[in-house]
Amino acid sequence: MTEDHPIPEALRAELSDWRRWVSRVVVLSFAALAGLSVVLMTRLGEHALDVFFKVQQRWFWAPLLWTPLCTVAVVWCTRKWFAGAAGSGIPQVMVALDPETSPTLRRQLVSLRVSLGKIGLTSAGLMAGLSTGREGPSVQVAAGVMHHARRWLPTGSGVKDHELLVAGGAAGIAAAFNTPLGGVMFAIEELSRHPEQRRSGLLVAAIVLAGLIAVSIDGNGTYFGVIKVEALSWALLWPGLLVALSAGLLGGLFSRLLIQSFSPNASRFSLWRRQYPLRFAAGCGFAVALIGVAAGGLTFGSGYDTTKQLLEGQDKTPGLYVALRFLATWLSTWSGVPGGIFAPCLTIGAGIGSDIANLTGHPYQAALIALGMAGFLAAVTQAPITAFIIVMEMVDGHSMVLSLMACALTASGVARLLSPPLYGALTNTYKAPAPATNPER
């Protein structure tokens, strides 16, 4: 009697299923392309910001003309050719994940065409000097690339469209922040609605691969460098709690303000925005320019350099920096340009932590800045684990792990009392068909 050998049989079954191997090659290939697309957007965004700051440094008043004109141009191009690319990109992916979304609307929100438009228009928004980021857009860009893989998968592969969208969106976060673990948690907190999506080893591998592609090109550095924090003590408790409560309060108000701004019946400004989108965009761009000029240029762009300076102890921000960046980010988002809020939120959070450190005279300034970054991002997105992991991977050592987690959870809890989840609420904006392409409508 021949004895069964389960391991050889399992290996034979694995190797004999060609569909499974083709599916793996296709999914991982498109994951690599998703990572490359995020790297491309990163490079273009950095170049666009360099162009803006060269103009702004040569003529300090130039943004008063440059920013509104560029904003109008970006909004016009978006509405005419890439209506699904407006805004962050995360609500669009969430709508695409809804089983009730029609195939036509899904193609308007996630496709290779929309991804290419998103890359160019997000970079153009940064060249305008608007207070936007590229991290939210990276979710839509990578999701569009990954979703295209379905055309190359063999029949009966078992890989679903929704799984590709979840993996793509998470891969975008992983590649943008160089935090594969953050991408996985983002998929679980914000995108995934089906438990089987969370158990797919192939899709997790795709998320990690996209992050590795970005690392191999841009290097193994963290997003804002390494946050060096000395050994902590109980003296951090009360300033840290103040940071968490302040970040939660301001983050909840910011989230509620954005939701109300995009509500169709919120105010006469919303009506004006709907009737005259280009004039409204010009007004928002001019207001952002006025704020930037008043702040000495510190509120222009994503805030990456300002955050890095704060973390390095070079606080050159004015006393009203948090309020000014808050307003600039709100107006930039409300204008209708493609752009995200992750980086500006991290900058606002860093400013909150720095202000409280200066107010209390606390020696752990870097620690409070890190807490503010995690707290404000968690409050706005109401995805505390993702926010905690993104900031945690920037910290040198593990001394702040529990503090960051507690701050993110506290701030998110406070924000939840003031506002519903931001991205879930904004999905209603994209559930209707694309607007007409009339230049002013």
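What you see is a predicted model, and the numbers here were worked out from it, not measured in a lab.

Student: Give a detailed account of the overall build of the chain, specifying residues and quantitative values.
Tutor: When its secondary structure is counted, the chain shows 20 helices and 2 strands. Taken across its 441 residues, the chain has 56% of its residues classed as buried. Of the contacts formed within the chain by residues at least 6 apart in sequence, a portion of 81% connects residues at least 24 apart. As displayed, the chain offers around 18800 Å² of accessible surface, 64% of which is attributable to carbon and sulfur atoms.

Student: Please provide a residue-by-residue account of the packing of helix α13 (residues 277-294) against helix α15 (residues 321-334), values included.
Tutor: In the contact formed by α13 and α15, the axes pass within 9 Å of each other and the chain directions differ by 160°. When the axis of α13 is compared with that of α15, the two are roughly antiparallel. The hand of the α13/α15 crossing is left-handed. Facing Phe280, Cys284, Ala287, Val288 and Ile291 of α13, the residues of α15 in contact are Leu324, Leu327, Ala328, Leu331, Ser332 and Trp334. The residue makeup of the contact of α13 with α15, split by class, is 10 nonpolar, 1 polar and no charged.

Student: Tell me about unusual backbone geometry, and name the residues and values.
Tutor: Of all residues except glycine, most have a negative phi; of all peptide bonds, most are trans. Located in the positive-phi region is Gln382, a residue other than glycine, with phi close to 55°. Here Gln382 shows up in the loop between α17 (365-381) and α18 (384-392).

Student: Which residues make up the environment of Gly120, and what values go with them?
Tutor: Here Gly120 shows up in helix α6 (residues 112-127). Taking the C-alpha atoms as reference points, Gly120 and Met41, 79 residues apart in sequence, are found 7.6 Å from one another.

Student: How would you summarise α17 if you had to cite specific residues and measurements?
Tutor: For α17, spanning 17 residues, the distance from its first C-alpha to its last is 24 Å, which sits close to the expected 24 Å at 1.5 Å a residue. Of all 17 residues in α17, 16 are buried, a share of seventy percent or more. At the exit of α17 stands Gln382, carrying a positive phi of roughly 55°.

Student: For the side chain of Thr427, give the residues involved together with the corresponding values.
Tutor: Residue position: Thr427 is located in the segment after α20 (422-426). The exposure class of Thr427 is buried, given its relative accessible area of 8%.

Student: I'd like a description of the confidence of the model for the chain, backed by residues and values.
Tutor: Looking at the chain, pLDDT values average 84 and 86% of them are 70 or higher. In this model, residues 195-199 is a region of pLDDT below 50 whose contacts with residues beyond four sequence positions or in other chains number 8 contacts.

Student: Give a detailed account of the environment of Phe52, specifying residues and quantitative values.
Tutor: Looking at where Phe52 falls in the secondary structure, it is placed in helix α2 (residues 18-58). Phe52 gets classed as buried once you look at its relative accessible area, which sits at 1%.

Student: Go over a nonpolar patch on the surface, please, and point to the residues and values.
Tutor: On the surface, Trp59, Phe60, Trp61, Leu65 and Leu69 cluster together to form a nonpolar patch covering roughly 590 Å² of accessible area. Structurally, the position occupied by Trp61 is in the loop between α2 and α3 (63-81). For Trp61, a relative accessible area of 43% translates into the label partly exposed.

Student: Kindly report on the packing of aromatic side chains, identifying the contributing residues and their values.
Tutor: For the coordinates displayed, the defined rule picks out 8 aromatic pairs. Considering the side-chain rings of Phe52 and Phe300, the 4.8 Å spacing of their centres and the 65° angle between planes classify their relative orientation as edge-to-face. Here the residue Phe52 occupies a position in helix α2, and Phe300 occupies one in the loop between α13 and α14 (304-311), the gap between them amounting to 248 residues. Phe300 matches Phe52 in its accessibility class, with the two residues each being buried. Relative to Phe326, the ring of Phe254 lies with its centre 5.0 Å away and its plane at 75°, an arrangement referred to as edge-to-face. One end of the pair, Phe254, is in helix α11 (residues 237-261); the other, Phe326, is in helix α15, with 72 residues separating them in the sequence. Since its relative accessible area comes to 14%, Phe326 is described here as buried. Chaining the aromatic ring pairs together yields one cluster made of Trp272, Phe280, Trp330 and Trp334.

Student: I'd like to hear about the nonpolar core, residue by residue, with values.
Tutor: Met146, Phe254 and Phe342 are the most contacted members of the largest nonpolar core, which totals 113 residues. In terms of residue count, the dominant contributor to this core is α17 (12 residues). For Phe254, the contacting residues outside a window of four places in its chain are Phe326, Thr329, Trp330, Ile341, Cys345, Phe376 and Val380.

Student: Describe helix α16 (residues 342-360), with residues and values.
Tutor: For α16, spanning 19 residues, the distance from its first C-alpha to its last is 27 Å, which sits close to the expected 27 Å at 1.5 Å a residue. Across the 19 residues that make up α16, a large majority, 15, are buried. A positive phi of about 65° marks Gly361, the residue just after α16.

Student: Could you give an account of the environment of Ser102, naming the residues involved and the relevant values?
Tutor: Within the element layout of this structure, Ser102 appears in the loop between α4 (90-97) and α5 (103-109). Remark: the alpha-carbon pair of Ser102 and Lys431, spanning 329 residues in sequence, is separated by 9.6 Å.

Student: Tell me what's going on with the packing of α3 against α13, and back it up with residues and numbers.
Tutor: How two helices sit against one another is set out by the angle between their axes and by the gap between those axes. Remark: α3 packs on α13, axes separated minimally by 8 Å, with the N-to-C direction vectors making an angle of 145°. By crossing handedness, the relation of α3 to α13 is classed as right-handed. Packed against α3, whose contacting residues are Pro63, Leu64, Thr67, Pro68, Thr71, Val72, Val75, Trp76 and Arg79, the element α13 presents Pro277, Leu278, Ala281, Ala282, Gly285, Phe286, Ala289, Leu290 and Val293 at the interface. Across the contact of α3 with α13, the residue classes tally to 14 nonpolar, 3 polar and 1 charged.

Here is what the cut-offs are and how they apply
Residues numbered from 1 in each chain as written. Predicted model: local features only at pLDDT ≥ 70, side-chain atom pairs only at ≥ 80, totals over all residues. Heavy atoms only, no water. Helix = DSSP H or I, 4+ residues; strand = E, 2+ residues; numbered from the N terminus. Buried < 20%, exposed > 50% of the residue type's maximum accessible area, 1.4 Å probe, protein only. Contact = heavy atoms within 4.5 Å. Areas by Shrake-Rupley, 256 points an atom, 1.4 Å probe, with all protein chains shown as cover. Axes fitted to C-alpha atoms, helices over the stretch in contact; angles between N-to-C directions. Parallel < 35°, antiparallel > 145°, perpendicular 65-115°, else oblique. Left-handed = near helix turned anticlockwise from the far one by under 90°. Nonpolar A, V, L, I, M, F, W, Y, C, P; charged D, E, K, R; others polar. Expected span 1.5 Å × (residues − 1). pLDDT = per-residue confidence, 0-100. Patch = residues over 30% accessible without salt bridge, like charges linked within 9 Å, V, L, I, M, F, W, Y side chains within 5 Å. Salt bridge = Lys/Arg side-chain N within 4 Å of Asp/Glu carboxyl O. Phe/Tyr/Trp six-rings, centres within 6.5 Å; stacked < 30°, edge-to-face > 60°. Core = buried A, V, L, I, M, F, W, Y, C linked by side-chain atoms within 4.5 Å.

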